[in-house]
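# Coordinates in review
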Amino acid sequence: MHPINRREFLKLTGVVGSGILGAGALRPLKAIAKEELGRGPYDNGKWIPSCCHMCGGTTGIMCQVVDGRLVRIKPNNHNPVGFTNISDDFFANADKEGAVMCPKGNAGIMALYDPDRVRQPLRRTNPQKGIGIDPQWKVISWEEAYSEIVSKLKNLRDAGEAHQLLWFSEDHCFTHIQDDFCKLFGTPNYNMHSNLCDVGRKASFKILMGDERPLIDAINSKYMLIFGWNPLSATKWSHLPRIITRGVERGAKLVVVDPHLSYTASKAHQWVPLRPGTDGALALAMAHVILRDNLQDQAFIDEWVTGFTEFREYVKDKTPQWAEGITTVPAKTIEQVAREFASTKPALVDVWSGTHHTNGVYAGWAIGSLAVITGNVEKPGTLVLPDKKGNKHIEVEADEAAKVTLKQPRFDGGKDKYPYFNKSGVYAEIINRLSKGGGPYQPKMGMIVFQNLLMAVVGTKNVETALRKFEFLVVVDTMLSETAEFADIVIPGTTYLERYDLNNHWVTWPILGLRQPVVKPLFGQPAEYEFVCELGRRLGLKEGNGGDFFWTGHMSHQRIEDKTKWYEELLSKELKEGEPKITLEELKALPGATWVSKNGTKYNKHTGAIAPEKVQDAFTEGALLFSKKKDGSKDKQIGMLKADGTAVRGFMTPSGKLELYAAKHTGKKDANGKELSPLPAYEPREWQPDDKYPLYLINWKEASQTHSRTQNNAFLAEIKSTDGLRMNKKTAQRLGISQHDEVWVESPYGKVKMKIELTEGIHPEVVGTQHGWGHWALGRIAKGRGAHTGILAPTKPCALSGQSLNKEICVNVTKA
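Not measured: the values here are computed from a predicted model.

### Considering the pattern of salt bridges
Applying the stated criterion to the full structure yields 54 salt bridges. Close ionic contact of Glu702 with Arg726 constitutes a salt bridge, the shortest N to O distance being 3.4 Å. With Glu702 in the loop between β26 (695–700) and α26 (714–719) and Arg726 in strand β27 (residues 725–728), this residue pair connects regions lying 24 residues apart in the sequence. Accessibility assignment for this pair places Glu702 and Arg726 in one class, buried. A salt bridge links Asp741 to Lys815; the shortest N-O distance between them is 3.7 Å. Of this pair, Asp741 sits in the loop between α27 (729–735) and β28 (742–747) while Lys815 sits in strand β31 (residues 809–815), placing them 74 residues apart in sequence. Residue classification places Asp741 among the buried residues on the basis of a relative accessible area of 18%. Each of Asp89, Glu97, Arg242, Arg246 and Glu249 takes part in salt bridges that share partners, so that together they form one network.

Given below as structure tokens:
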């Protein structure tokens, strides 16, 4: 067998000879397969289709296995997520061009064969817990691990304290079974990674459009305005670089608004640097120009928008000169970009991490409003609401004992505290209540699956205090992470190459890709869903009807001893009940193990008529139509009645239209007790620079790493092994700092040492770094590289969405 060496990997990712993310960074493997990989032993072995999980993008992959060992990963041309998010583009061009994947996907082989992986269950023998404290691990048997964990869980449940279990997990892996376990056990406290990612953006677009995640149709656009997002490098989905590049090749202008000259900004026609947290002011000033000059799409507004009069009045004094004083963006630039955006059709505007500030939800709402007033919604080349249909989560009903504790309030306050609470939970609120002893009760046990809270949640010392409060903590992970070092028991996890998942991909039409084991778990460990199933079996958890959920096959309805087969039946049930209407085996047999709906991308879905029989059966509330529950009460919103009496889908908002003014905010308050604004109002973010801490500190993502979880990957370390602190050359000159100087970066919450990287590509009032460095655990490669800036921030949630705010930091920088 010929293993992939370092140089071959770097060639695959386009790094050799072209810089970290040069022209070939996302070059299709298909184009170089014969030249680089099509020789000798690589022609042998079996190709198994699956889906990547080096990040949450879930790119389709093909895995070559020789003699039971994975030797190569390449893109899966049958899965659209590695190519495009528009169906016409996929069906016409995917076979000709081939799919793509980023460097992280190519490096997945080293996640599987990382020598620092956890191989056996571990028990802590040192009762002391803290950063830098040796847990003094002892290897234990699986039986010992299960017995101890189940005993702790049983004691909680028998005492009527099931709600005192907090459960955290990643949000793209076996979430349904974890949610099912929590319900059957009786805890309302299931939390997922999404809270650390984009729930601020989700709240912004939920208010405006009734849909949490509109997608950009970049390939058909003529003008792309991107706020605080780096899609050409952060590659949330691997198709993004291609569709944006193709859009530009077809004549689109790309404008990026960002304090940092990101890789995307460096490839844009125009970079607009601004102060962090002022995006909303810039958007409102652009709206002022558009409305002042009558560049809006009035016909679209009259039919599909509510609150236009109030919005127009609000932005009358939000002039470019007003915004210049807030953002530092010259008024003439604001005028120019606003007029270009409004007069070029089709155009799109989007925002992601720009919502990671205390004013972020309103900022995202204001930015999205630019699309609304120009009519750039649900049309080719604009923001498109995805028709996302896939497998169906088969809801379980808890037994009477679980129902009692499920009625307990969520530990984080949930929707009663946060008006745009997301089901992923509020991590910062949980950490604060744990560390300070607040909340409706004090949780006793934690289960953390594939999450590294000490690196992911800012306010590191606060997180440390919180983790020490658990009486018993279990961590399931492939690596001994910083959080794992606080565990009482560590369970060895699996990589995405050793387990199943169903992936409803984020494109504009329904597709579903299968993640399946391409090799057996290396150390004989159970997949995480098998671990959860075993806990449920040993606890004897039952459904409300007395059914043995964790024993009974969901297709055969027979008792199944083999947990893998039991889970395969559960996946088949979800597929049959969902949109695909196929079994797991039928999905495996499809090209690339990917189900692709022939009903492709649909535009203008809001104008679609609703069938008369559905209207007749609907629950009506004003002009809105809802489906009915079994008891006849209203369920989900399905459409609206127009003034002429016709029933159409509309938008899933309280008015059925796009909302520039949210009447539902009247009388409601955020988590801090402040009344909600009915308009996308601009207020400065709460933490501003001052004389003591005069610089904004920001962080960003790049294709070289995923969050804080891939820094021990040997292949990725060859691309980038650490990151410094980027500072504007003029700022450095004023402070007497030179290139590569070591500096102290200090805030009221702590300080870290970093090495300076001078550039003209960052706002003079801002310093920044790539997120994820500064590990003191995780593995031999990751440990000791770079600085962890989470120690410099407080643990703080957004008061509307609960989003963990990891970009609102001010610092002072001095020579070390």
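### Observations concerning empty space enclosed by the protein
Scanning the model with the defined rule gives 7 cavities of 30 Å³ or more in all. Lining the largest cavity are 13 residues, and of these Cys52, Cys55, Thr59, Cys102 and Ser238 lie nearest its centre. When the residues that make up the lining of the largest cavity are grouped by side-chain class, the tally is 6 nonpolar, 6 polar and 1 charged. A domain-level breakdown of the lining of the largest cavity finds at least three residues from each of domain 1 (46–112) and domain 2 (215–384). Size it by volume and the second largest cavity reaches roughly 70 Å³.

### Topic: the domain arrangement of the chain
The domain architecture assigned to the chain consists of domain 1 (46–112), domain 2 (215–384), domain 3 (605–665) and domain 4 (695–815). Taken together, the contact between domain 2 and domain 4 spans 20 residues of the former and 22 residues of the latter. In total, about 1,800 Å² of surface goes out of reach between domain 2 and domain 4, with carbon and sulfur atoms giving 62% of it. Looking at the side of domain 2 facing domain 4, the largest losses of area belong to His260, His356 and Thr358, adding up to 34% of the total buried there. The interface formed by domain 2 and domain 4 includes 1 salt bridge. As a salt-bridge pair, Arg275 and Glu765 come within 2.7 Å of each other at their nearest N and O atoms. Here the residues of the side of domain 2 that touches domain 4 sort into 9 nonpolar, 10 polar and 1 charged.

### A word on the pairing of strand β10 (residues 253–257)
Taking burial as the measure, the 5 residues of β10 include 4 buried ones, the bulk of the element. Pairing between strand β9 (residues 223–227) and β10: 5 bridges, direction parallel. Each residue of the ladder has a partner; that of Ile226, found in β10, is Val256. Remark: the β9/helix α9 (residues 240–249)/β10 crossover connection has right-handed handedness. Looking at chain direction, β10 and strand β11 (residues 270–272) are connected through 3 bridges and run parallel. Directly across from Val257, in β11, lies its bridge partner Val272.

### Comments concerning the sheet that holds strand β5 (residues 137–139)
Strand pairing within a sheet occurs via backbone hydrogen bonds; the two strands may be parallel or antiparallel. Strands sit in the order β5-β4-β17-β16-β15-β6-β7 across an open sheet of 7 strands; the sheet is mixed. What marks the edges here is a single partner per strand, and that holds for β5 and β7 (190–192). Sheet twist, expressed as the mean angle between neighbouring strand axes with direction ignored, is 20°. Strand direction decides the pairing type here: strand β4 (residues 122–124) and strand β17 (residues 489–492), joined by 2 bridges, are antiparallel. Paired with Arg123 across the strands is Ile489, a residue of β17. Across the sheet, helix α6 (residues 142–158) lies against β4, β6 (165–169), β15 (445–449), β16 (472–477) and β17, angled at about 125° from β17, the strand it touches most.

### Details of the packing of aromatic side chains
Scanning all chains against the criterion turns up 23 aromatic pairs. With a centroid separation of 5.0 Å and 90° between ring planes, the pair formed by Phe549 and Phe550 is classed as edge-to-face. When sorted by exposure, Phe549 lands in the same class as Phe550, which is buried. Three or more aromatic residues link up through ring pairs in this structure, and these residues are Trp167, Phe174, Phe181, Phe185, Tyr529, Phe549, Phe550, Trp566 and Tyr567. Lys74 extends its terminal NZ or CZ atom over the ring of Trp47, reaching a point 4.4 Å from the ring centre.

### Quick look at helix α22 (residues 528–539)
Between its terminal C-alpha atoms α22 stretches 17 Å, which fits the 16 Å expected from 12 residues at 1.5 Å a residue. Burial analysis of α22 places 11 of its 12 residues in the buried class, the great majority of the element. Every buried residue belonging to α22 is among Glu528, Tyr529, Glu530, Phe531, Val532, Cys533, Glu534, Leu535, Gly536, Arg537 and Leu539, and all of these are buried. Where α22 ends, the next residue or the one after it, Gly540, has phi of about 70°, a positive value.

### Quick word on the confidence of the model for the chain
Averaged over every residue, the pLDDT of the chain is 93; the share at 70 or more is 95%. Here residues 8–42 is modelled with pLDDT under 50, and outside its nearest four sequence neighbours on either side it reaches 81 contacts, counting other chains as well.

### Description of unusual backbone geometry
A cis geometry characterises the amide bond from Lys345 onward to Pro346, with omega recorded as -10°. Within the element layout of this structure, Pro346 appears in the loop between α15 (331–343) and β13 (347–351). We note that Asp67 has phi near 55°; this positive angle belongs to a residue other than glycine. Examined against the element boundaries, Asp67 turns out to sit in the loop between β2 (60–66) and β3 (69–75). Its identity is not glycine, yet Phe450 carries a phi of approximately 55°, on the positive side. Along the chain, Phe450 falls in the loop between β15 and α20 (453–456). On the basis of relative accessibility, which here comes to 22%, the residue Phe450 falls in the partly exposed class.

### So, the sheet that holds strand β18 (residues 501–504)
Sheet architecture is open: 3 strands sit in the order β18-β19-β20, paired in antiparallel fashion. Pairing within the sheet leaves two strands with one partner each, and these edge strands are β18 and β20 (594–596). For this sheet the average axis-to-axis angle between neighbouring strands, irrespective of direction, equals 15°. Summarising the sheet, strand β19 (residues 511–515) and β20 pair through 3 bridges and their orientation is antiparallel.

### Section: the environment of Arg726
You can call Arg726 buried: its relative accessible area is 15%. Separated by 28 residues in the primary sequence, Arg726 and Met754 have C-alpha atoms spaced 9.8 Å apart. Beyond its immediate stretch of four places on either side in the chain, Arg726 contacts His260, Trp700, Glu702, Lys720, Glu757, Thr759, Ile762, Val766, Val767 and Gly768. Only 3.4 Å separates the side chain of Arg726 from the side chain of Glu702, close enough to count as a polar contact. In this structure the side chain of Arg726 is engaged in a polar contact, spanning 3.5 Å, whose partner is the side chain of Glu757.

Each value, and the rule that gives it
Residues numbered from 1 in each chain as written. Predicted model: local features only at pLDDT ≥ 70, side-chain atom pairs only at ≥ 80, totals over all residues. Heavy atoms only, no water. Salt bridge = Lys/Arg side-chain N within 4 Å of Asp/Glu carboxyl O. Helix = DSSP H or I, 4+ residues; strand = E, 2+ residues; numbered from the N terminus. Buried < 20%, exposed > 50% of the residue type's maximum accessible area, 1.4 Å probe, protein only. 1 Å grid on protein atoms, 1.4 Å probe; cavity = no way out; pocket = protein on both sides within 12 Å on 5 of 7 lines; lining within 4 Å. Points joined across faces, edges and corners; volume = space filled by probe spheres on them. Nonpolar A, V, L, I, M, F, W, Y, C, P; charged D, E, K, R; others polar. Domains from an automatic or database assignment. Contact = heavy atoms within 4.5 Å. Buried area = accessible area lost by both parts, 1.4 Å probe. Pairing = 2+ DSSP bridges. Right-handed = clockwise from strand over helix to strand, strands pointing away. Axes fitted to C-alpha atoms, helices over the stretch in contact; angles between N-to-C directions. Phe/Tyr/Trp six-rings, centres within 6.5 Å; stacked < 30°, edge-to-face > 60°. Lys NZ or Arg CZ within 6 Å of the ring centre and 35° of its normal. Expected span 1.5 Å × (residues − 1). pLDDT = per-residue confidence, 0-100. Polar contact = N/O pair within 3.5 Å; in protein donor to acceptor, adjacent residues only side chain to side chain.

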